[in-house]
Number of protein chains: 2
Amino acid sequence: MPSEFELIARYFTRPARRTVLGVGDDAALVRVGAGKELVAAADMLVVGRHFFPDDDPESLGHKALAVNLSDFAAMGAVPRWALLSIALPEVDEAWLAAFTRGLFALADAHGVALIGGDTTRGPLTFAFTVLGEIERGAALRRSGARVGDEVWVSGTLGDAALALAALNRAVPLSPGELAQLLPRLHRPVPRLALGRRLVGVAHAAIDISDGLLADLGHVLEASGVGAEIQLTALPVSPVLAAWQTHAVARRALLAGGDDYELCFTAPRSAHEAIVRLGRRLGVPVTAIGCITRAPGLVVLDGQGRPVDCEEKGFDHFA
Amino acid sequence: MPSEFELIARYFTRPARRTVLGVGDDAALVRVGAGKELVAAADMLVVGRHFFPDDDPESLGHKALAVNLSDFAAMGAVPRWALLSIALPEVDEAWLAAFTRGLFALADAHGVALIGGDTTRGPLTFAFTVLGEIERGAALRRSGARVGDEVWVSGTLGDAALALAALNRAVPLSPGELAQLLPRLHRPVPRLALGRRLVGVAHAAIDISDGLLADLGHVLEASGVGAEIQLTALPVSPVLAAWQTHAVARRALLAGGDDYELCFTAPRSAHEAIVRLGRRLGVPVTAIGCITRAPGLVVLDGQGRPVDCEEKGFDHFA
């Protein structure tokens with residue numbers, strides 16, 4: 001059976017660009033340019049909580065990194081380096097080969113180098129820390145939303161949560177419908193290009209990992225403002241549109257986690273520029289409401305009446 | 001029951017110095033000075049593997065950070081910032097308060113700010129990433145050992161492993177003996193001041209987390225050299241000395257993990273300076289052998305005969 005060190009050498013060690021010293025010493029060394037801020041984000045995924053033990057390992061490798069890159073998208077920052085601590089119940093080399101294939105395909109696509117981490121035995125758990133850069137003062141913070149801003153989201157909402165609900169047999173999607181949604185659950189696309197181009201345009205941003213209501217709620221709280229959202233303006237996929245009257249689908253739309261789309265606020269004067277930006281990047285962007293002075297998050301239906309929103313975001317300890 | 005966000009606010013959010021943006025946004029931002037390299041180290045501790053479920057939480061908070069700071073000591077680097085991803089089986093506020101008390105006491109003692117991370121539900125697991133700085137090109141690497149260097153270690157060796165063996169009833173230490181050793185297991189002291197002062201003096205360094213033979217072996221492999229070690233020169237505590245003929249104690253001395261002492265190599269010309277440095281810092285330092293051109297690690301007994309060393313370091317997948 002290969003040792004911990006052989007596993008690291010075989011699966012996790014690759015030539016790392018822009019790196020003084022990568023995997024294999026006590027710590028990694030990287031240089032950070034002048035006039036930059038270093039950006040650091042961490043996420044942990046635990047078996048049985050964030051994924052199933054028999055999930056496709058290549059997708060897991062993709063997703064475990066993608067959720068961290070999504071945090072960089074939400075800051076408008078450029079990811080550069082990653083550290084991965086991983087607990088494995090046993091050494092399964094086919095599993096590791098597939099996991100690292102998914103991981104490195106995404107890392108390579110965005111120029112991210114794996115520079116360190118830890119491996120140990122334990123219940124399957126991934127803890128990524130991603131490091132990167134942004135120009136000083138340029139980061140898109142949760143606290144920047146201003147009264148009168150439009151609220152935008154990228155892509156479509158609720159697909160990942162609806163797919164998970166279907167896997168859990170909470171909603172009877174057809175096999176064809178499920179197949180359309182599964183990539184949203186297993187292969188989320190971090191909106192890095194969009195986030196990067198929103199620097200200097202958007203006032204605030206967050207990625208939707210806990211659901212629209214919860215994550216937009218974080219922006220409102222950090223910014224000391226409120227928002228009004230138009231339920232009928234929310235962008236939905238054809239599958240979610242077909243199930244929209246189902247309570248599970250409605251909950252997925254408003255409170256489903258795992259979409260990893262961006263939610264951001266920007267002045268009305270930037271509306272056309274944002275539409276053009278989305279078109280140029282091939283990323284749908286939709287204005288869904290506006291920031292208000294009155295605190296709280298109000299969702300309005302097609303007739304302008306407040307919707308009773310009991311749906312709340314995913315809280316890992318609720 | 002408090003939410004994930006309340007837990008973060010209550011236990012993990014503190015004023016962070018030298019930090020542009022800390023806990024609470026998608027990622028943290030820090031500035032790194034010109035002429036510096038950024039240093040990053042990650043470690044993961046899993047319940048049942050690295051600690052017991054009923055271990056004192058304050059000690060766990062100390063140890064989980066200490067093992068990462070020890071990596072910085074081994075690089076000669078200055079730790080500045082930490083990210084902690086933590087999985088908890090349930091919310092136990094007394095446990096969390098004690099854990100963070102141990103964590104922040106050590107962090108404060110070394111000027112380390114907690115700037116981010118993640119919390120989720122799962123089997124008790126800690127994944128730390130510590131970030132810091134060092135002057136360009138100054139880091140103590142594993143690969144720098146040169147033929148003729150003396151090999152040094154700090155402190156005493158084997159105490160943590162002997163304590164663990166006693167807890168597991170593999171060796172019948174008296175309660176008084178065990179009490180003397182337990183702090184070595186539960187409250188390891190990262191040798192940051194020593195490591196920092198060895199920059200420009202030592203050629204190579206590593207911290208002893210997997211046992212002397214394994215960790216010195218990493219230095220030899222990375223440096224393409226060998227070493228001869230004098231068994232009788234190894235620094236031992238009074239308790240380990242009393243049990244030194246017991247096979248378990250001997251194994252702890254040569255191959256016990258969790259000591260978190262430094263093992264480093266330096267030219268003979270630096271011998272007196274290193275002795276004075278140890279005295280000034282109040283840290284015992286002991287020359288235990290020398291680096292050889294012939295590959296391999298040879299341990300010699302008091303009569304200069306090679307010792308049969310079947311002991312190997314701790315491999316998490318062996």
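Residues numbered from 1 in each chain as written. Chains lettered and ligands numbered in written order. Predicted model: local features only at pLDDT ≥ 70, side-chain atom pairs only at ≥ 80, totals over all residues. Heavy atoms only, no water.

Looking up chain A in an unreviewed UniProt entry gives the name Thiamine-monophosphate kinase, with the organism given as Thiobacter aerophilum. UniProt, in the comment section headed Function (unreviewed entry), describes chain A in these words: "Catalyzes the ATP-dependent phosphorylation of thiamine-monophosphate (TMP) to form thiamine-pyrophosphate (TPP), the active form of vitamin B1." The record held by UniProt for chain A lists under Sequence similarities (unreviewed entry) the comment "Belongs to the thiamine-monophosphate kinase family." (UniProt positions renumbered as here; feature names shortened; annotations may be inferred.)

Student: Talk me through the overall build of chain A; I want residue IDs and the actual numbers.
Tutor: When its secondary structure is counted, chain A shows 10 helices and 12 strands. Within chain A, the fraction of its 318 residues that count as buried is 59%. A separation threshold of at least 6 residues defines the contact pool for chain A, and within that pool the share at least 24 residues apart is 86%. Charged side chains of chain A number 30 positive and 36 negative; the gap between the two group centres comes to 7 Å. (Helix = DSSP H or I, 4+ residues; strand = E, 2+ residues; numbered from the N terminus. Buried < 20%, exposed > 50% of the residue type's maximum accessible area, 1.4 Å probe, protein only. Contact = heavy atoms within 4.5 Å. Lys, Arg positive; Asp, Glu negative; His and termini not counted. Charge placed at Lys NZ, Arg CZ, Asp CG, Glu CD.)

Student: Explain the packing of aromatic side chains to me, and be specific about the residues and the numbers.
Tutor: By the definition in use, this model includes 10 aromatic pairs over all chains. On the numbers, 6.1 Å between centres and 5° between planes, the contact of W152 of chain A with F264 of chain A is stacked. Note that W152 of chain A is positioned in strand β7 (residues 150–154) and F264 of chain A in strand β10 (residues 262–266), a separation of 112 residues in sequence. Judged by relative accessible area, W152 of chain A falls into the buried class, the value being 1%. Exposure remark for F264 of chain A: the relative accessible area of 0% places this residue in the buried category. When the centroid spacing of 5.3 Å and the interplanar angle of 25° are considered together, the rings of F51 of chain B and F126 of chain B count as stacked. Taken together, the residues F51 of chain B in the loop between β3 (36–46) and α2 (57–75) and F126 of chain B in strand β6 (residues 125–135) connect sequence positions 75 residues apart. Here the two residues F51 of chain B and F126 of chain B agree in accessibility, since each one is buried. Among the aromatic residues, ring-to-ring pairing joins F51, W95, F99 and F126 of chain A into one connected group. (Phe/Tyr/Trp six-rings, centres within 6.5 Å; stacked < 30°, edge-to-face > 60°.)

Student: Go over the interface of chain B and chain A, please, and point to the residues and values.
Tutor: Interface extent is often summarised as the accessible area lost during association of the parts. Each partner contributes residues to the interface: chain B has 64 residues there, and chain A has 63 residues. For the pair chain B and chain A, the summed buried surface comes to about 5,400 Å²; carbon and sulfur atoms form 60% of the total. Remark: the boundary between chain B and chain A carries zero salt bridges. Taken together, the connections running from chain B to chain A amount to five residue pairs in polar contact (both at pLDDT 80 or more). Counting residues per element, the side of chain B that touches chain A draws most heavily on β3 of chain B, at 10 residues. The residue inventory of the side of chain B that touches chain A, partitioned by class, reads 35 nonpolar, 12 polar and 17 charged. (Buried area = accessible area lost by both parts, 1.4 Å probe. Salt bridge = Lys/Arg side-chain N within 4 Å of Asp/Glu carboxyl O. Polar contact = N/O pair within 3.5 Å; in protein donor to acceptor, adjacent residues only side chain to side chain. Nonpolar A, V, L, I, M, F, W, Y, C, P; charged D, E, K, R; others polar.)

Student: A description of the UniProt feature "binding site: Mg(2+) 3" (unreviewed entry) in chain A should follow, citing residues and the corresponding values.
Tutor: In this numbering, the UniProt entry assigns the feature "binding site: Mg(2+) 3" (unreviewed entry) to D26, D71 and D207 of chain A. Judged by maximum C-alpha separation, these annotated positions cover 182 residues in sequence and are scattered in space, the widest gap reaching 32.7 Å. With respect to the helices, strands and loops of the structure, D26 of chain A is situated in the loop between β1 (19–21) and β2 (28–31). Excluding its chain neighbours within four sequence positions, the residues that come into contact with D26 of chain A are A41, D71, A74, M75, R142, A205, I206 and D207 of chain B.

Student: An account of the sheet that holds strand β9 (residues 226–230) of chain B is needed here, citing residue identities and associated values.
Tutor: Residues and elements named next belong to chain B. Spatially, β8-β10-β7-β11-β9-β12 is the arrangement adopted by the six strands of the open sheet, whose pairing is mixed. Each having just a single partner strand, β8 (204–207) and β12 (296–300) make up the two edges of the open sheet. On average, adjacent strands in this sheet sit at an angle of 25° to one another, irrespective of strand direction. Across the sheet, α2 touches β8 and β10 (262–266), and the angle it forms with β8 is around 170°. Across the face of the sheet, helix α7 (residues 212–223) comes into contact with β7 (150–154), β8, β9, β10, β11 (285–292) and β12 while running at roughly 140° to β12. (Pairing = 2+ DSSP bridges. Axes fitted to C-alpha atoms, helices over the stretch in contact; angles between N-to-C directions.)

Student: Explain a nonpolar patch on the surface to me, using residue names and the numbers behind them.
Tutor: On the surface, F52, L164 and L167 of chain A cluster together into a nonpolar patch covering about 210 Å² of accessible area. L164 of chain A sits in the partly exposed class, given a relative accessible area of 31%. (Patch = residues over 30% accessible without salt bridge, like charges linked within 9 Å, V, L, I, M, F, W, Y side chains within 5 Å. Areas by Shrake-Rupley, 256 points an atom, 1.4 Å probe, with all protein chains shown as cover.)

Student: Before we move on, can you summarise the side chain of R184 of chain A with the specific residues and values?
Tutor: Residue and element names in this part refer to chain A. Its place among the elements puts R184 in helix α5 (residues 175–186). At 2.9 Å, the side chain of R184 forms a polar contact with the side chain of T156. Setting aside residues up to four positions removed in sequence, R184 forms contacts with T156, D159, A160, D258, D259 and E261.

Student: So what's going on with the relation of the copies chain B and chain A? Residues and values would help.
Tutor: After a rotation of 180° and a shift along the axis of 0.0 Å, chain B superposes on chain A with an RMSD of 0.0 Å. On this basis, the relationship between the two copies can be described by a two-fold rotation axis. A share of 98% of interface residues in chain B that are also interface residues in chain A marks the association as one of identical surfaces. (Least-squares fit on C-alpha atoms with pLDDT ≥ 70 in both.)

Student: Kindly report on the packing of helix α4 (residues 159–167) of chain B against helix α5 (residues 175–186) of chain B, identifying the contributing residues and their values.
Tutor: Residues and elements named next belong to chain B. Contact geometry of α4 with α5 gives a least axis separation of 8 Å together with a crossing angle of 120°. Considering how the two elements wind past one another, α4 and α5 form a crossing that is left-handed. Along its contact with α4, which presents D159, A160, L162, A163, L164, A166 and L167, the element α5 presents L178, L181, L182, R184 and L185. (Left-handed = near helix turned anticlockwise from the far one by under 90°.)

Student: So what's going on with the domain arrangement of chain A? Residues and values would help.
Tutor: Residue and element names in this part refer to chain A. Assigned domains within chain A: domain 1 (4–135) and domain 2 (142–300). Using C-alpha coordinates to define each centre, domain 1 is positioned 26 Å away from domain 2. When residues of domain 1 are sorted by the area they lose upon contact with domain 2, K63, A73 and A74 head the list and together hold 27% of the total. Counting the contacts that link domain 1 with domain 2 gives four salt bridges. Where domain 1 meets domain 2, there are seven residue pairs in polar contact (both at pLDDT 80 or more). Counting residues per element, the ones that place at least two in the side of domain 1 that touches domain 2 are α2 (57–75), β4 (78–88) and β6 (125–135). (Domains from an automatic or database assignment.)

Student: An account of the UniProt feature "binding site: ATP" (unreviewed entry) in chain A is requested, with residue identities and associated values reported.
Tutor: Residues and elements named next belong to chain A. Mapped onto the present numbering, the UniProt feature "binding site: ATP" (unreviewed entry) falls at G117, D118, R142 and S209. A maximum C-alpha distance of 31.0 Å shows the annotated residues, which cover 93 residues in sequence, to be distributed over more than one spot. By the secondary structure assignment, S209 is in the loop between β8 (204–207) and α7 (212–223). Accessibility expressed as a relative area gives 21% for S209, which makes it partly exposed.

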